[in-house]
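Residue-level structural notes
Residue-level listing of the chains:
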Amino acid sequence: MLNVPSQAFPAPGSQQRVASQGRSKVPLKQGRSLMDWIRLTKSGKDLTGLKGRLIEVTEEELKTHNKKDDCWICIRGLVYNVSPYMEYHPGGEDELMRAAGADGTDLFNEVHRWVNYESMLKECLVGRMAVKPAVPKGMLSKSQVTDTLPREGPSSPSYDWFQTESSVTIAIYTKQKNISLDSVMVDLQGDSLRTETFIQDHSYLIHIGLSHEVQENFSVRVIENVGKVDIVLQKRENISWKCLGQPLEKHDSFIPKKDTGLSYRRCQLISKEDVTHDTRLFCLMLPPSTHLQVPVGHHVYLKLSVTGAEIVKPYTPVSASLLSGFREPVPPPNKYIYFLIKIYPDGLFTPELDHLQIGDFISVSSPEGNFKLSKLQEVEDLFLLAAGTGFTPMVNVLNYALTCVSSLRKVKLMFFNKTEDDIIWRCELEKLAFKDKRFDTEFVLSAPSPEWNGKQGHVSPALLSEFLQRSLENSRVFLCICGPTAFTDEGIRLLHDLNFSNDEIHGFTA
Ligand code: FAD
Ligand code: NAP
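What comes next concerns the included structure. Note that residues are indexed from 1 along each chain, following the sequence as it is written. All chains are assigned letters beginning with A, and all ligands numbers beginning with 1, in the order in which they are written. The predicted origin of the model limits local features to residues at a pLDDT of at least 70 and limits the giving and counting of side-chain atom pairs to 80 or more, whereas totals for whole chains, interfaces and linings rest on all residues. The side-chain figures draw on all heavy atoms in the structure; neither hydrogens nor water molecules are used.

Brief notes about the overall build of the protein
The number of helices and strands found in the protein is ten helices and 31 strands. Three labels apply to residues, based on accessible area from a 1.4 Å probe with only protein chains included: buried if under 20% of the type maximum, exposed if over 50%, partly exposed otherwise in between. Among the 510 residues that make up the protein, the fraction classed as buried is 50%. Contact criterion: two residues are considered in contact whenever any of their non-hydrogen atoms come within 4.5 Å of each other. Within the protein, residue pairs in contact and separated by at least 24 positions form 72% of the contacts whose partners lie at least 6 positions apart. Where accessible areas are quoted, they stem from the Shrake-Rupley method and a 1.4 Å probe; at the residue level, only the protein chains shown are allowed to cover. Total accessible area on the protein stands at roughly 24,800 Å², and carbon and sulfur atoms take up 50% of it. Secondary structure elements are defined from DSSP: runs of H or I of at least 4 residues count as helices, runs of E of at least 2 residues count as strands, and each element is numbered from the N terminus.

Description of the site of ligand 2
Residues in close proximity to ligand 2 total 20 residues, the closest being Lys342, Tyr344, Lys418, Ser446 and His458. Within the side chain of Tyr344, one N or O atom sits 2.7 Å away from an oxygen atom of ligand 2. Considered on its own, ligand 2 offers 930 Å² of accessible surface; in the complex 71% of this is hidden by protein. Among the cavities detected, the one that contains ligand 2 is the largest pocket. Elements that contribute at least two residues to the shell around ligand 2 include exactly β27 (410–417) and α10 (485–497). Class assignment for the residues of the shell around ligand 2 results in eight nonpolar, ten polar and two charged. One heavy atom suffices: a residue is near a molecule or strand as soon as one of its heavy atoms comes within 4 Å of it. Pairing of N or O atoms within 3.5 Å defines a polar contact, subject to two protein rules: one partner must be a possible hydrogen donor and the other a possible acceptor, and residues neighboring in sequence count only if both atoms are side-chain atoms. Definitions used for this entry: grid spacing 1 Å over protein atoms alone; cavity, a set of points where a 1.4 Å probe fits but cannot get out; pocket, an open set with protein on both sides within 12 Å along at least 5 of 7 lines; lining residue, one with an atom within 4 Å of a point. To be counted as sitting in a cavity or pocket, a molecule needs more than half of its atoms within 2 Å of that site's grid points. Under the scheme applied here, ten amino acids are nonpolar (Ala, Val, Leu, Ile, Met, Phe, Trp, Tyr, Cys and Pro), four are charged (Asp, Glu, Lys and Arg), and all others, including Gly, are polar.

Focus on the pattern of salt bridges
Should a side-chain nitrogen of Lys or Arg be within 4 Å of a carboxyl oxygen of Asp or Glu, the pair is scored as a salt bridge. Under the definition given, this model contains 26 salt bridges. Its salt-bridge partner being Lys258, residue Asp259 comes within 3.6 Å of it at the nearest N-O pair. By relative accessible area, Asp259 is classed as partly exposed at 46%. A single network of salt bridges, built from pairs that share partners, joins Lys272, Asp274, Arg280 and Asp354.

Here we look at empty space enclosed by the protein
Grid points are joined across faces, edges and corners, and a volume is the space filled by probe spheres set on the points. Tallied over the full model, the rule gives four cavities of 30 Å³ or more. Estimated volume of the largest cavity: approximately 70 Å³. In this structure, the largest cavity is lined by Leu54, Ile55, Leu78, Leu125, Gly127, Arg128, Tyr173, Lys175, Val226, Gly227 and Lys228. Per-element accounting of the lining of the largest cavity gives the leading share, three residues, to strand β8 (residues 125–129). Of the residues that constitute the lining of the largest cavity, the class distribution is six nonpolar, two polar and three charged. In terms of lining, the second largest cavity is formed by Glu196, Phe198, Lys257, Thr260, Gly261, Leu262, Ser366, Pro367 and Glu368. Split into classes, the residues belonging to the lining of the second largest cavity amount to three nonpolar, three polar and three charged.

Things to note about the sheet that holds strand β10 (residues 167–173)
Pairing between two strands is assigned when DSSP locates at least 2 bridges connecting them. The strand order across the open sheet built from four strands is β9-β10-β15-β14, with neighbouring strands paired in antiparallel fashion. Pairing within the sheet leaves two strands with one partner each, and these edge strands are β9 (158–163) and β14 (214–223). Strand-to-strand twist of the sheet, defined as the mean angle between neighbouring strand axes without regard to direction, takes the value 20 degrees. Bridge analysis of β14 against strand β15 (residues 228–235) gives seven bridges, and the strand direction is antiparallel. Across the sheet, residue Arg221 finds its bridge partner in β15, namely Asp230. Angles run from 0 to 180 degrees between N-to-C directions of axes, and those axes are lines fitted to C-alpha atoms, restricted for helices to the stretch in contact.

A short note on the sheet that holds strand β23 (residues 317–318)
Picture the strands of a sheet paired through backbone hydrogen bonds; they go either parallel or antiparallel. Read from one edge of the open sheet, seven strands run β22-β21-β25-β18-β19-β24-β23, paired in antiparallel fashion. Two strands close off the open sheet at either side, each with one partner strand: β22 (309–315) and β23. Taken together, the seven bridges between strand β21 (residues 300–306) and β22 define a ladder with antiparallel strand orientation. Bridging from a neighbouring strand, Leu304 pairs with Ile311 of β22.

Things to note about the side chain of Asn396
Tracing the sequence through the fold places Asn396 in helix α7 (residues 392–404). For Asn396, a relative accessible area of 18% puts it in the buried group.

Looking at the site of ligand 1
Pro314, Tyr315, Leu340, Asp346 and Thr350 are the nearest of the 17 residues found near ligand 1. Between ligand 1 and Lys313 there is a distance of 2.9 Å, counted from an oxygen atom to a side-chain nitrogen or oxygen. Separating an oxygen atom of ligand 1 from a backbone N or O atom of Lys342 is a distance of 2.9 Å. Considered on its own, ligand 1 offers 970 Å² of accessible surface; in the complex 60% of this is hidden by protein. When each cavity is represented as a set of grid points, ligand 1 is found to reside in the largest pocket.

Quick look at the environment of Val444
You can see Val444 is positioned in strand β28 (residues 439–445). By relative accessible area, which is 0% here, Val444 ends up buried. Taking the C-alpha atoms as reference points, Val444 and Gly454, separated by ten residues in sequence, lie 6.9 Å from one another. Discounting chain neighbours no more than four positions away, the residues touching Val444 are Met414, Phe415, Phe416, Asn417, Lys455, Gln456, Gly457 and Leu463.

Dropping the structure here:
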């Protein structure tokens, strides 16, 4: 790894020398203030010239980018193209050029360690140095561990660790922009740390027997646009660790998600509440030593022992309610996981689930699913078709669309049930439609009482063509469908007949 000697910086007489009144700065040209820089980074302009790709940079390549109009600098293992930033640098272009084509970490640390460069320069990120810095003595090294790099797909992430007196941070470099907190799962059991980072359809596993004890609580931070995940562990004793620990099974492996097994953690039943005559809202509490967030449209598996046999069934987490602030007090995020589950008296799994007492434990798996949130980006009309508990994946899709999709004009839910008594969260749906004018819901019953004056029947061309009215003639549309398999299959067939493409439809199936 290249290093610019720290004592050489700042140079005598440099603008970067810290004066007693503080660091002197060079006057910047008009239109080159911090706000101007922030505006530029948010403009969507490709500041690296790599069209959003992250690459591995060798020392040789880094050295070649050493001119003002082509200037790459490495800071703490990450390489930035700082040419677009030159004129905005408060310390001046010459100071920045001192680290051109080199590792500027020492310079940076001496002058402005406290500056949040990861955020300031995130749009300038080119990638990570291909060669890791020398491995500190005793630290887990790559040679000790299994390395199962995929032949195709995303490039393999890597990790590093560093410590302060009281904490140990494991930094995972995913080499992928736009990862989020639900891309990471962490379980800490005693001294065994297991983290999975989900990158496209792959999973990167860090599995370590830690060398020293840590506290149960830890924090997970994601620097989204840089693709970095920090897992911050709190030491039990404020002593310096010589190594992170020993590699455990499949540590440092990066394999297609379909080839990884499910991992389970024991969660406690906190509450159980009737929602309809046969459907309940179950609230489970994750262990304090787990970080798990299920991505929108994904599900988990619940595992119970039924007469000595382990039975596993899939369920889709929902939010605690459709209306934020509806339920008080609002529990802290990431600790609780909610499920709407219909109990079938003659079913195998759900009667056992229903017999669980508050305080009992049940195993919850890692998330699975193939729903892509990107499908909702820029959508204008979202149509949701649900039958029975097929409503469950719609809950988070609906919440996400209404809160995060700025292009959204309309969301419509057509909800099929046997009778009025079977409609899950009817009151919440009606309140939400009242509260948010973009949302509308229609109930269709297959076995209504004589008093019902709403829509009746099964999913059909007539019902769909009336329901699927766009807000604009050529609006960008997306449709989700979920329910009994035969319902979903029939619905998708009818949507194709109505000229919707596969790209516009997501069918939730087993
Ligand atoms: P089962 O034993 O499967 O029986 C269910 C019903 O089918 C009973 O009435 C039973 O008599 C009948 N039955 C069983 N076998 C037959 C047969 N051979 N012929 C005819 N009838 C039969 N459910 C939810 O409530 N909430 C959710 O969030 C949820 N999410 C899901 C997510 C996914 C991805 C999938 C695939 C399913 C989801 N489900 C959800 C359904 C759930 O996984 C179970 O299938 C459901 O809870 C039934 O489980 P059970 O073992 O109690 O019933
Ligand atoms: P249900 O009450 O039995 O049925 C709901 C509605 O769907 C009823 O009006 C029913 O009409 C209708 N329906 C059933 N079969 C149909 C078909 N072949 N064509 C058209 N309409 C049909 O449903 P449920 O017991 O809640 O079951 C929900 C299903 O959704 C389960 O199979 C579950 O596995 C599935 N699910 C899947 C996911 C996922 O992500 N993949 C998530 C949650 C739930 P009738 O009165 O004629 O029966």
